[in-house]
Amino acid sequence: MYVCLCEGVTDTQIRDAVYEGCCSYREVRGTLGIASQCGKCACLAKQVVRETIAEV
Ligand code: FES
């Protein structure tokens, strides 16, 4: 599913970014450009990052 519509970023891309080495929301944000426009996705994006980090 799309998390960030402005940048067209899915939850899968966010998870992959964590698997590939991002270890914070800030790093994922820098890598994928999420929440850089309207910012509405920030809350959900943070949640996905947190959940994924907890899994790995
Ligand atoms: Fe992510 Fe707008 S939905 S910045």
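Presented here is a report on the structure given in the accompanying data block.

**A closer look at helix H3 (residues 42–55)**
Right, on to step 1. Between its terminal C-alpha atoms H3 stretches 20 Å, which fits the 20 Å expected from 14 residues at 1.5 Å a residue.
Right, on to step 2. Along H3, the positions that sit buried rather than exposed are Ala-42, Ala-45, Val-48, Val-49 and Thr-52. Projection of H3 onto a plane perpendicular to its axis shows the buried side chains occupying an angular sector of 130 degrees, all on one side. Opposite the packed face of H3, turned more than 90 degrees from it, sit the exposed residues Cys-43, Arg-50, Ala-54 and Glu-55.
Right, on to step 3. Against strand E1 (2–4), helix H1 (11–19) and helix H2 (25–32) lie the buried residues of H3.

**Concerning a positive patch on the surface**
Right, on to step 1. A contiguous patch of positive charge, built from Arg-26, Arg-29, Lys-46 and Arg-50, is present on the exposed surface.
Right, on to step 2. Considering the arrangement of structural elements, one finds Arg-26 in helix H2.
Right, on to step 3. Take Arg-26: its relative accessible area is 70%, and that puts it in the exposed class.

What counts, and where the lines are drawn
Residues numbered from 1 in each chain as written. Predicted model: local features only at pLDDT ≥ 70, side-chain atom pairs only at ≥ 80, totals over all residues. Heavy atoms only, no water. Helix = DSSP H or I, 4+ residues; strand = E, 2+ residues; numbered from the N terminus. Expected span 1.5 Å × (residues − 1). Buried < 20%, exposed > 50% of the residue type's maximum accessible area, 1.4 Å probe, protein only. Arc of directions from axis to C-beta. Contact = heavy atoms within 4.5 Å. Patch = residues over 30% accessible without salt bridge, like charges linked within 9 Å, V, L, I, M, F, W, Y side chains within 5 Å. Areas by Shrake-Rupley, 256 points an atom, 1.4 Å probe, with all protein chains shown as cover. Salt bridge = Lys/Arg side-chain N within 4 Å of Asp/Glu carboxyl O. Lys, Arg positive; Asp, Glu negative; His and termini not counted. Charge placed at Lys NZ, Arg CZ, Asp CG, Glu CD.

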